[in-house]
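# A closer look at the structure
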Amino acid sequence: MLIFSTVPPTIGRAMTGLAVLSDAPVRCDEDQLRFDRYVDPILSLLTSPTSTTPFTVGVLGEWGSGKSSVLTMVDQRLGEESPDAFVRVHFNPWVYRNEPNLLVPLLHAFQETLLADRNKRFAHTVTRVASVVGTLTADAILTTLTAGFLTMDKYDQAVERYVAQRSQVESELRNLRNLLRDEIAGIGRQGAQVVFFIDDIDRCEPDQIVDLLESVKLFLDVAGVFVLMAISKELVDRGVAIKYQGFGFDPDGMVDIGDEYLEKMIQLPLYLLPLDARSVRQLIEAHAHPDLLARHGDLLQAVLRPNPRKIKRVLNFLTLTTAIVAGTPGLDELRDDLVVRLAVLRVQVPRLFSAVLTDPRVLLVLECLYRDRLEFTEDGFRSRYGDDSGALLYRAVAPHYRRQPELKEIFDASTFAEEHDRIHDYLTLFGGRAA
């Protein structure tokens, strides 16, 4: 791991044995953030004899908030506590993002899970599901419909063929859906229910997310099926706006339309709570090197957003960056607290950091603003830095000043002005150019 010099505030020698944090979802024995408070109620819902299906649970939260961990822990608990009571199907749509119809690989995943059943209970069902997949793959009209391709811009191209064959197509869709319903009912008669775990939706394009939701609603909304999906409400809103932009909806009302859309697709939205200060500190203490924690634990707690993925990313970034600094002659006297502040800025506010790389004076401007040494008006900037430079600097910081809460903690006690002659050295650690 890293060790800092005994002569603050510069960075000292790096030791061997660097450790970084995986971004993989946590399992039950790794739960440090009390995800079990979400897992236990979901398990109760799935295993209750009074629960009715079809039923879809949406685990909602921002990117990196722990949605995948919740799904992983529910899956683990079901596998340990009820291994034969549930057919657990795992589907990652991002892996198949280039497929024209995400329903096809979703049903493939279902088929492969049935085939892998340790008691070999579902051989007949495997064959029938395979026939559904084959029909969807072979029929261009069905592929178009079930992939959600009939948006306004493509409607004219498909409508003539669809109208001509509508009766046949609707009958075929009904038959395929009924076939799946019957086969899932057969699984139920053998004492099992089906749970689909759909993760990494946030990595897909917004319109793909909407297509997948519609496919799930079309084919999996049958008795005996639970669906657990990790999803971002913001991305659903964007997907609805993109897919239905040609229908003339009021742009200001798209959030409401997204809410209504999600209500039709998900029966139970479960919103993950942001980490509280205690949980943030606990995560930092569990993973930060002791020297980093001793020097800058309070600073990290103050500036890190309550998002598990971002916290891990910053700590990994600091682990490696500090080791590089300590082993590079000429850089080993950089102030470690400034490296911490820049690392946080780079991970959490990338747009602002891009402006810093373009014009390092942005750092000095932010110090002045958060210490009330500069008037936050374009005229105040022009008066201090000249017309052209002042206008550019104002436009760089205006979208972020007082809108990113961690910036006050980053700049209120920073010393970038004292290090202005070496600012470029600091920024080379994060993609900047040497002076």
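For the structure itself, consult the block above.
Read on for a plain summary of the structure.

Conventions and cut-offs
Residues numbered from 1 in each chain as written. Predicted model: local features only at pLDDT ≥ 70, side-chain atom pairs only at ≥ 80, totals over all residues. Heavy atoms only, no water. Helix = DSSP H or I, 4+ residues; strand = E, 2+ residues; numbered from the N terminus. Contact = heavy atoms within 4.5 Å. Buried < 20%, exposed > 50% of the residue type's maximum accessible area, 1.4 Å probe, protein only. Polar contact = N/O pair within 3.5 Å; in protein donor to acceptor, adjacent residues only side chain to side chain. Phe/Tyr/Trp six-rings, centres within 6.5 Å; stacked < 30°, edge-to-face > 60°. Salt bridge = Lys/Arg side-chain N within 4 Å of Asp/Glu carboxyl O. Pairing = 2+ DSSP bridges. Axes fitted to C-alpha atoms, helices over the stretch in contact; angles between N-to-C directions.

## Re the side chain of S232
With respect to the element layout, S232 can be found in the loop between strand 4 (225-231) and helix 9 (233-243). Sequence-distant contacts of S232, defined by excluding residues within four places in its chain, comprise G61 and D202.

## Examining the environment of R341
Residue position: R341 is located in helix 14 (residues 336-348). Given the relative accessible area of 8%, R341 is considered buried. For R341 and L300, which are 41 residues apart along the polypeptide, the C-alpha to C-alpha distance reads 8.5 Å. With residues near it in sequence (within four places) discarded, R341 still touches L299, E409, I410, F411, A413, S414 and F416. A distance of 3.2 Å separates a polar atom in the side chain of R341 from the backbone oxygen of E409. Within polar-contact distance, the side chain of R341 engages the backbone oxygen of I410 at 2.6 Å.

## Notes on the packing of aromatic side chains
The final tally for this structure, using the stated rule, is 13 aromatic pairs. Ring centres 5.6 Å apart and planes at 10 degrees place the aromatic pair F91 and Y96 in the stacked group. Assessed through its relative accessible area of 2%, F91 is described here as buried. Seen in terms of ring centroids, F376 and Y394 are 5.4 Å apart; in terms of plane orientation they differ by 35 degrees. Their pairing is tilted. Within this pair, whereas F376 is found in the loop between helix 16 (361-370) and helix 17 (378-385), its partner Y394 is found in helix 18 (residues 387-397), the two being separated by 18 residues in sequence. An aromatic cluster of at least three residues, connected via ring pairs, comprises Y370, F376, F381, Y385, Y394, Y401, F411 and F416.

## As for the pattern of salt bridges
Within the structure shown, the criterion is met by 22 salt bridges. When the shortest N-O distance is used, the salt bridge between D202 and K67 registers 2.9 Å. Of this pair, D202 sits in the loop between strand 3 (193-198) and helix 8 (206-220) while K67 sits in helix 2 (residues 67-81), placing them 135 residues apart in sequence. The same class applies to D202 as to K67, namely buried.

## Some points on the sheet that holds strand 1 (residues 55-60)
Sheet strands pair via backbone hydrogen bonds, and the direction of the pair is either parallel or antiparallel. Strand order in the open sheet formed by 5 strands is 2-3-4-1-5, and the pairing between neighbours is parallel. Of all the strands in the sheet, the pair left with one neighbour each is strand 2 (86-91) and strand 5 (268-271). Each strand of the sheet is rotated relative to its neighbour by a mean of 15 degrees, with strand direction disregarded. With 5 bridges connecting them, strand 3 and strand 4 associate as parallel partners.

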